Amino acid sequence: MNRHLLPLLLVIISLAGLCRLGFEVASRCRASAALGPVNPVVGDASFVARFGRGPTDETPDVLRIQTHLAYAEQRLRQCTPEALPAALRQRRAHLLDLLHAYWQAGVFPRNAAPDGQRHPCFIDGAGRICAVGYLVEQTAGRAAAECINRRFQYSNLLDMRDDALGRWVAQSGLSLADCALIQPTYGPVYTPVASGNNIPNGYGTASAVLGGLNLSALALSSSDAGRQAGRWLPWLTMASGTTQLVLGATRFPAAPEARINGTPPTNESQKILSMANLGVGTATVLFGAWNLLHRPATTAQGPRTSWNVGPAPAGVGQHADGMSLFLARRF
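Residues numbered from 1 in each chain as written. Predicted model: local features only at pLDDT ≥ 70, side-chain atom pairs only at ≥ 80, totals over all residues. Heavy atoms only, no water.

Caption draft 1: Quick look at the overall build of the protein chain. A count of helices and strands for the protein chain gives 12 helices and two strands. Along the chain direction, N to C, the helices and strands of the protein chain fall in the order α-α-α-α-α-α-α-α-α-α-α-α-β-β. Contacts in the protein chain between residues at least 24 apart in sequence constitute 67% of all its contacts with a sequence separation of at least 6. In the structure as shown, the protein chain presents an accessible area of about 18,300 Å², 61% of it carried by carbon and sulfur atoms. (Helix = DSSP H or I, 4+ residues; strand = E, 2+ residues; numbered from the N terminus. Contact = heavy atoms within 4.5 Å. Areas by Shrake-Rupley, 256 points an atom, 1.4 Å probe, with all protein chains shown as cover.)

Spelled out as C-alpha coordinates, the structure:
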(Lines give C-alpha, C1' and ligand atoms only; values in the text may rest on other atoms or scores of the structure.)
Protein backbone atom coordinates (compact mmCIF):
# COMPACT_ATOMS: atom_id res chain seq x y z
CA MET A 1 0.00 0.00 0.00
CA ASN A 2 1.25 3.49 -0.81
CA ARG A 3 2.46 5.01 2.45
CA HIS A 4 0.90 8.33 1.52
CA LEU A 5 -2.54 6.70 1.63
CA LEU A 6 -2.14 5.40 5.19
CA PRO A 7 -3.10 8.69 6.91
CA LEU A 8 -6.25 8.98 4.80
CA LEU A 9 -7.18 5.36 5.48
CA LEU A 10 -6.70 5.71 9.24
CA VAL A 11 -8.75 8.91 9.30
CA ILE A 12 -11.60 7.21 7.41
CA ILE A 13 -11.60 4.24 9.79
CA SER A 14 -11.51 6.55 12.82
CA LEU A 15 -14.43 8.61 11.51
CA ALA A 16 -16.37 5.41 10.83
CA GLY A 17 -15.82 4.34 14.43
CA LEU A 18 -16.94 7.72 15.74
CA CYS A 19 -20.06 7.64 13.57
CA ARG A 20 -20.87 4.17 14.81
CA LEU A 21 -20.43 5.28 18.40
CA GLY A 22 -22.77 8.23 17.82
CA PHE A 23 -25.32 5.93 16.22
CA GLU A 24 -25.18 3.60 19.22
CA VAL A 25 -25.64 6.46 21.70
CA ALA A 26 -28.58 7.82 19.70
CA SER A 27 -30.15 4.35 19.41
CA ARG A 28 -29.83 3.85 23.13
CA CYS A 29 -31.52 7.18 23.81
CA ARG A 30 -34.34 6.32 21.41
CA ALA A 31 -34.82 2.91 23.03
CA SER A 32 -35.10 4.52 26.47
CA ALA A 33 -37.49 7.16 25.16
CA ALA A 34 -39.69 4.51 23.51
CA LEU A 35 -39.91 2.36 26.67
CA GLY A 36 -43.58 1.50 27.27
CA PRO A 37 -45.23 2.76 30.47
CA VAL A 38 -45.93 0.33 33.31
CA ASN A 39 -49.46 1.71 33.69
CA PRO A 40 -51.69 3.36 31.08
CA VAL A 41 -53.11 5.85 33.62
CA VAL A 42 -50.08 7.27 35.45
CA GLY A 43 -47.26 5.91 33.28
CA ASP A 44 -44.03 5.50 35.24
CA ALA A 45 -44.83 8.08 37.92
CA SER A 46 -44.26 5.39 40.56
CA PHE A 47 -40.69 4.73 39.42
CA VAL A 48 -39.89 8.43 39.22
CA ALA A 49 -41.33 9.00 42.70
CA ARG A 50 -39.14 6.27 44.17
CA PHE A 51 -35.89 6.63 42.21
CA GLY A 52 -36.02 10.23 40.98
CA ARG A 53 -35.74 9.20 37.33
CA GLY A 54 -37.54 7.10 34.75
CA PRO A 55 -36.77 3.43 34.06
CA THR A 56 -34.46 2.36 31.25
CA ASP A 57 -34.58 -0.59 28.88
CA GLU A 58 -32.28 -2.43 31.33
CA THR A 59 -34.55 -1.98 34.36
CA PRO A 60 -35.91 -5.37 35.53
CA ASP A 61 -39.62 -5.65 34.81
CA VAL A 62 -40.32 -7.15 38.22
CA LEU A 63 -38.89 -4.05 39.86
CA ARG A 64 -41.06 -1.77 37.73
CA ILE A 65 -44.23 -3.76 38.48
CA GLN A 66 -43.64 -4.02 42.23
CA THR A 67 -42.76 -0.35 42.44
CA HIS A 68 -45.97 0.57 40.63
CA LEU A 69 -48.24 -1.69 42.71
CA ALA A 70 -46.75 -0.35 45.95
CA TYR A 71 -47.35 3.17 44.65
CA ALA A 72 -50.95 2.36 43.66
CA GLU A 73 -51.67 0.78 47.04
CA GLN A 74 -50.36 3.80 48.93
CA ARG A 75 -52.23 6.25 46.72
CA LEU A 76 -55.55 4.39 47.08
CA ARG A 77 -55.19 4.13 50.85
CA GLN A 78 -54.72 7.89 51.02
CA CYS A 79 -57.67 8.68 48.72
CA THR A 80 -60.62 6.81 50.21
CA PRO A 81 -63.83 8.72 49.25
CA GLU A 82 -65.49 10.30 52.26
CA ALA A 83 -68.98 9.40 51.04
CA LEU A 84 -68.14 5.69 50.76
CA PRO A 85 -70.40 3.58 53.02
CA ALA A 86 -68.77 1.81 55.94
CA ALA A 87 -69.28 -1.67 54.46
CA LEU A 88 -67.56 -0.65 51.21
CA ARG A 89 -64.81 1.09 53.18
CA GLN A 90 -64.12 -2.17 54.96
CA ARG A 91 -64.17 -4.11 51.69
CA ARG A 92 -61.84 -1.56 50.06
CA ALA A 93 -59.35 -1.86 52.93
CA HIS A 94 -59.47 -5.66 52.65
CA LEU A 95 -58.76 -5.55 48.91
CA LEU A 96 -55.81 -3.21 49.46
CA ASP A 97 -54.44 -5.66 52.07
CA LEU A 98 -54.74 -8.40 49.45
CA LEU A 99 -52.98 -6.16 46.92
CA HIS A 100 -50.13 -5.61 49.38
CA ALA A 101 -49.64 -9.35 49.87
CA TYR A 102 -49.81 -9.90 46.10
CA TRP A 103 -47.05 -7.49 45.09
CA GLN A 104 -44.88 -8.59 48.00
CA ALA A 105 -44.98 -12.15 46.66
CA GLY A 106 -43.59 -10.94 43.33
CA VAL A 107 -45.24 -13.57 41.10
CA PHE A 108 -46.59 -11.87 37.99
CA PRO A 109 -47.96 -13.08 34.65
CA ARG A 110 -45.80 -13.22 31.51
CA ASN A 111 -46.92 -11.23 28.50
CA ALA A 112 -46.91 -13.57 25.48
CA ALA A 113 -48.82 -11.22 23.15
CA PRO A 114 -47.60 -11.77 19.57
CA ASP A 115 -46.90 -8.10 18.80
CA GLY A 116 -43.99 -7.93 21.25
CA GLN A 117 -45.29 -4.77 22.98
CA ARG A 118 -46.06 -4.06 26.64
CA HIS A 119 -49.59 -5.13 27.55
CA PRO A 120 -51.66 -6.01 30.58
CA CYS A 121 -52.08 -9.76 30.99
CA PHE A 122 -55.02 -10.94 33.11
CA ILE A 123 -53.92 -14.59 33.40
CA ASP A 124 -51.02 -16.10 31.45
CA GLY A 125 -50.65 -19.59 30.01
CA ALA A 126 -49.05 -20.90 33.21
CA GLY A 127 -51.91 -19.65 35.40
CA ARG A 128 -50.11 -16.62 36.84
CA ILE A 129 -52.66 -13.90 37.48
CA CYS A 130 -52.47 -10.09 37.42
CA ALA A 131 -53.14 -7.81 40.38
CA VAL A 132 -56.78 -6.98 39.56
CA GLY A 133 -57.40 -10.60 38.55
CA TYR A 134 -56.01 -11.68 41.92
CA LEU A 135 -58.45 -9.41 43.75
CA VAL A 136 -61.32 -10.85 41.70
CA GLU A 137 -60.10 -14.40 42.35
CA GLN A 138 -59.82 -13.90 46.10
CA THR A 139 -63.29 -12.38 46.46
CA ALA A 140 -65.38 -13.84 43.62
CA GLY A 141 -63.57 -17.06 42.80
CA ARG A 142 -61.12 -18.30 40.19
CA ALA A 143 -63.88 -19.08 37.71
CA ALA A 144 -64.94 -15.42 37.61
CA ALA A 145 -61.34 -14.34 36.91
CA GLU A 146 -60.93 -16.92 34.16
CA CYS A 147 -64.18 -15.83 32.54
CA ILE A 148 -62.84 -12.27 32.29
CA ASN A 149 -59.50 -13.57 31.01
CA ARG A 150 -61.11 -15.46 28.12
CA ARG A 151 -62.49 -12.22 26.69
CA PHE A 152 -59.96 -9.61 27.80
CA GLN A 153 -56.59 -11.29 28.42
CA TYR A 154 -54.45 -8.43 27.03
CA SER A 155 -56.95 -5.55 27.36
CA ASN A 156 -56.72 -2.38 29.39
CA LEU A 157 -59.25 -2.46 32.18
CA LEU A 158 -60.97 0.72 31.00
CA ASP A 159 -61.61 -0.99 27.65
CA MET A 160 -63.29 -4.04 29.19
CA ARG A 161 -67.06 -4.10 28.68
CA ASP A 162 -68.19 -6.92 30.96
CA ASP A 163 -71.31 -6.93 33.17
CA ALA A 164 -69.82 -9.35 35.70
CA LEU A 165 -66.74 -7.20 36.10
CA GLY A 166 -68.92 -4.11 36.47
CA ARG A 167 -70.93 -5.75 39.27
CA TRP A 168 -67.75 -6.82 41.05
CA VAL A 169 -66.33 -3.28 40.87
CA ALA A 170 -69.57 -1.81 42.24
CA GLN A 171 -69.35 -4.07 45.31
CA SER A 172 -65.60 -3.75 45.87
CA GLY A 173 -65.26 -0.30 47.35
CA LEU A 174 -62.99 0.56 44.43
CA SER A 175 -63.96 2.50 41.34
CA LEU A 176 -63.20 1.45 37.79
CA ALA A 177 -60.57 4.20 37.70
CA ASP A 178 -59.01 2.77 40.88
CA CYS A 179 -58.76 -0.65 39.27
CA ALA A 180 -57.23 0.89 36.13
CA LEU A 181 -54.65 2.60 38.36
CA ILE A 182 -53.71 -0.77 39.85
CA GLN A 183 -53.44 -2.68 36.55
CA PRO A 184 -49.80 -2.94 35.35
CA THR A 185 -48.48 -3.72 31.92
CA TYR A 186 -45.83 -6.39 31.32
CA GLY A 187 -42.90 -6.52 28.96
CA PRO A 188 -42.80 -9.20 26.22
CA VAL A 189 -41.44 -12.51 27.46
CA TYR A 190 -38.73 -12.86 24.80
CA THR A 191 -37.02 -9.55 25.56
CA PRO A 192 -33.82 -10.10 27.60
CA VAL A 193 -33.85 -7.59 30.45
CA ALA A 194 -30.24 -8.10 31.50
CA SER A 195 -28.81 -11.48 30.66
CA GLY A 196 -25.32 -12.80 31.24
CA ASN A 197 -24.55 -12.85 27.50
CA ASN A 198 -26.10 -9.77 25.97
CA ILE A 199 -23.66 -7.67 23.90
CA PRO A 200 -25.61 -5.39 21.52
CA ASN A 201 -24.61 -5.87 17.88
CA GLY A 202 -23.71 -2.22 17.41
CA TYR A 203 -21.55 -2.13 20.52
CA GLY A 204 -19.70 -5.28 19.45
CA THR A 205 -19.13 -3.90 15.94
CA ALA A 206 -17.87 -0.53 17.20
CA SER A 207 -15.53 -2.28 19.66
CA ALA A 208 -14.11 -4.52 16.92
CA VAL A 209 -13.55 -1.59 14.52
CA LEU A 210 -11.87 0.60 17.13
CA GLY A 211 -9.84 -2.30 18.51
CA GLY A 212 -8.54 -3.13 15.03
CA LEU A 213 -7.79 0.53 14.34
CA ASN A 214 -5.86 0.97 17.57
CA LEU A 215 -3.85 -2.24 17.17
CA SER A 216 -3.00 -1.16 13.61
CA ALA A 217 -1.97 2.30 14.85
CA LEU A 218 0.24 0.74 17.54
CA ALA A 219 1.89 -1.57 15.02
CA LEU A 220 2.41 1.27 12.53
CA SER A 221 3.86 3.57 15.20
CA SER A 222 6.35 0.87 16.19
CA SER A 223 7.53 0.30 12.61
CA ASP A 224 10.27 2.15 10.73
CA ALA A 225 7.66 3.80 8.51
CA GLY A 226 5.76 5.01 11.57
CA ARG A 227 8.89 6.44 13.19
CA GLN A 228 9.57 8.42 10.02
CA ALA A 229 6.01 9.74 9.79
CA GLY A 230 5.05 13.18 10.94
CA ARG A 231 3.44 14.18 14.21
CA TRP A 232 -0.02 13.41 12.80
CA LEU A 233 0.40 9.72 13.62
CA PRO A 234 0.69 10.01 17.44
CA TRP A 235 -2.14 12.57 17.47
CA LEU A 236 -4.36 10.20 15.47
CA THR A 237 -3.32 7.31 17.73
CA MET A 238 -4.39 9.26 20.82
CA ALA A 239 -7.68 10.29 19.16
CA SER A 240 -8.62 6.71 18.27
CA GLY A 241 -7.56 5.47 21.71
CA THR A 242 -9.69 8.14 23.38
CA THR A 243 -12.67 7.08 21.25
CA GLN A 244 -12.34 3.47 22.40
CA LEU A 245 -11.83 4.62 26.00
CA VAL A 246 -15.03 6.71 25.88
CA LEU A 247 -16.91 3.82 24.25
CA GLY A 248 -15.91 1.42 27.03
CA ALA A 249 -16.76 3.93 29.77
CA THR A 250 -20.19 4.89 28.40
CA ARG A 251 -21.27 1.29 27.72
CA PHE A 252 -19.94 -0.22 30.96
CA PRO A 253 -22.98 -1.93 32.52
CA ALA A 254 -24.18 -0.16 35.64
CA ALA A 255 -24.73 -2.03 38.86
CA PRO A 256 -28.14 -3.68 38.47
CA GLU A 257 -31.00 -2.21 40.41
CA ALA A 258 -31.76 -4.64 43.17
CA ARG A 259 -35.08 -6.40 42.90
CA ILE A 260 -37.42 -6.36 45.81
CA ASN A 261 -37.47 -10.13 45.51
CA GLY A 262 -35.00 -12.28 43.64
CA THR A 263 -31.38 -12.12 42.54
CA PRO A 264 -30.14 -9.02 40.68
CA PRO A 265 -29.29 -9.68 37.02
CA THR A 266 -25.78 -9.32 35.61
CA ASN A 267 -24.27 -8.80 32.18
CA GLU A 268 -20.80 -10.25 32.42
CA SER A 269 -20.16 -10.38 28.66
CA GLN A 270 -20.73 -6.67 28.15
CA LYS A 271 -18.73 -5.92 31.29
CA ILE A 272 -15.73 -7.89 29.98
CA LEU A 273 -15.92 -6.19 26.58
CA SER A 274 -16.12 -2.77 28.24
CA MET A 275 -13.08 -3.55 30.39
CA ALA A 276 -11.18 -4.60 27.23
CA ASN A 277 -12.15 -1.33 25.54
CA LEU A 278 -11.00 0.64 28.57
CA GLY A 279 -7.69 -1.23 28.70
CA VAL A 280 -6.86 -1.07 24.99
CA GLY A 281 -8.03 2.55 24.74
CA THR A 282 -5.91 3.61 27.72
CA ALA A 283 -2.83 1.80 26.40
CA THR A 284 -3.28 3.39 22.96
CA VAL A 285 -3.61 6.91 24.42
CA LEU A 286 -0.51 6.45 26.61
CA PHE A 287 1.54 5.02 23.74
CA GLY A 288 0.48 7.85 21.44
CA ALA A 289 1.42 10.45 24.07
CA TRP A 290 4.80 8.80 24.67
CA ASN A 291 5.43 8.61 20.93
CA LEU A 292 4.54 12.28 20.54
CA LEU A 293 6.85 13.39 23.37
CA HIS A 294 9.79 11.29 22.20
CA ARG A 295 9.41 11.85 18.46
CA PRO A 296 12.51 13.68 17.12
CA ALA A 297 11.99 17.05 15.51
CA THR A 298 11.64 16.89 11.75
CA THR A 299 14.82 17.98 9.97
CA ALA A 300 14.21 21.17 8.06
CA GLN A 301 14.75 20.66 4.35
CA GLY A 302 14.44 22.98 1.42
CA PRO A 303 11.68 22.70 -1.13
CA ARG A 304 11.94 19.87 -3.63
CA THR A 305 11.44 22.29 -6.55
CA SER A 306 13.12 25.72 -6.77
CA TRP A 307 13.54 28.38 -9.44
CA ASN A 308 15.56 31.54 -10.06
CA VAL A 309 16.12 34.19 -12.68
CA GLY A 310 19.63 35.37 -13.63
CA PRO A 311 22.01 36.24 -16.41
CA ALA A 312 22.24 33.75 -19.22
CA PRO A 313 25.33 31.54 -19.08
CA ALA A 314 28.23 32.71 -21.21
CA GLY A 315 31.55 31.24 -22.16
CA VAL A 316 34.91 32.21 -20.63
CA GLY A 317 35.75 35.76 -21.52
CA GLN A 318 32.30 36.38 -23.02
CA HIS A 319 29.74 38.90 -21.82
CA ALA A 320 26.23 37.61 -20.91
CA ASP A 321 23.72 39.49 -22.99
CA GLY A 322 20.44 37.91 -21.81
CA MET A 323 18.45 36.56 -18.86
CA SER A 324 17.65 32.94 -18.09
CA LEU A 325 15.09 31.08 -15.89
CA PHE A 326 16.66 28.34 -13.77
CA LEU A 327 14.55 25.39 -12.43
CA ALA A 328 15.89 22.76 -10.00
CA ARG A 329 14.19 19.54 -8.88
CA ARG A 330 15.53 17.53 -5.93
CA PHE A 331 14.92 13.75 -5.98
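What follows picks up the thread again.
Caption draft 2: Geometry of the packing of aromatic side chains. Summed over the entire model, instances satisfying the criterion amount to four aromatic pairs. An angle of 35° between the planes, with centres 5.1 Å apart, marks the rings of Tyr102 and Tyr134 as tilted. One end of the pair, Tyr102, is in helix H4 (residues 86–105); the other, Tyr134, is in helix H5 (residues 131–140), and 32 residues separate them in sequence. Here the aromatic cluster, defined as three or more aromatic residues joined through ring pairs, consists of Tyr102, Phe108 and Tyr134. For Arg251, the ring lying beneath its charged end belongs to Tyr203, and the centroid distance is 5.1 Å. (Phe/Tyr/Trp six-rings, centres within 6.5 Å; stacked < 30°, edge-to-face > 60°. Lys NZ or Arg CZ within 6 Å of the ring centre and 35° of its normal.)

Caption draft 3: The arrangement of H5 in detail. Counting buried residues along H5, seven of its 10 residues qualify, which places the element largely inside the surrounding structure. Listing the buried residues of H5 in full gives Ala131, Val132, Gly133, Tyr134, Leu135, Val136 and Glu137. Of the surrounding elements, those touching the buried residues of H5 are helix H3 (61–78), H4, helix H6 (142–152), helix H7 (163–170) and helix H8 (176–182). At the exit of H5 stands Gly141, carrying a positive phi of roughly 105°. (Buried < 20%, exposed > 50% of the residue type's maximum accessible area, 1.4 Å probe, protein only.)

Caption draft 4: Structural view of the nonpolar core. Core analysis: the largest hydrophobic core is formed by 36 residues, its most contacted members being Leu69, Leu99, Leu135, Trp168 and Ile182. Secondary-structure elements contributing two or more residues to this core are H3, H4, H5, H6, H7 and H8. It is H4 that contributes the most residues to this core, six residues altogether. If sequence neighbours within four positions are ignored, Leu135 has contacts with Leu95, Leu98, Leu99, Trp168, Leu174 and Ile182. Core analysis: the second largest hydrophobic core is formed by six residues, Tyr203, Leu210, Leu247 and Leu273 among them. (Core = buried A, V, L, I, M, F, W, Y, C linked by side-chain atoms within 4.5 Å.)

Caption draft 5: Representation of H3 within the structure. In a regular helix each residue adds 1.5 Å, so 18 residues correspond to 26 Å; H3 covers 26 Å between its end C-alpha atoms and thus fits that length. Asp61, Leu63, Arg64, Ile65, Gln66, Thr67, His68, Leu69, Ala72, Glu73 and Leu76 are the residues of H3 that are buried. Looking at the buried positions of H3, the neighbouring elements they touch are helix H2 (45–51), H4, H5 and H8. (Expected span 1.5 Å × (residues − 1).)

Caption draft 6: View of the side chain of Arg92. Examined against the element boundaries, Arg92 turns out to sit in helix H4. When its relative accessible area of 2% is taken as the criterion, Arg92 is described as buried. Within the structure, Arg92 has its side chain in polar contact with the backbone oxygen of Leu76 (distance 3.0 Å). Among the polar contacts listed, one links the side chain of Arg92 to the side chain of Asp178, at a separation of 3.1 Å. (Polar contact = N/O pair within 3.5 Å; in protein donor to acceptor, adjacent residues only side chain to side chain.)

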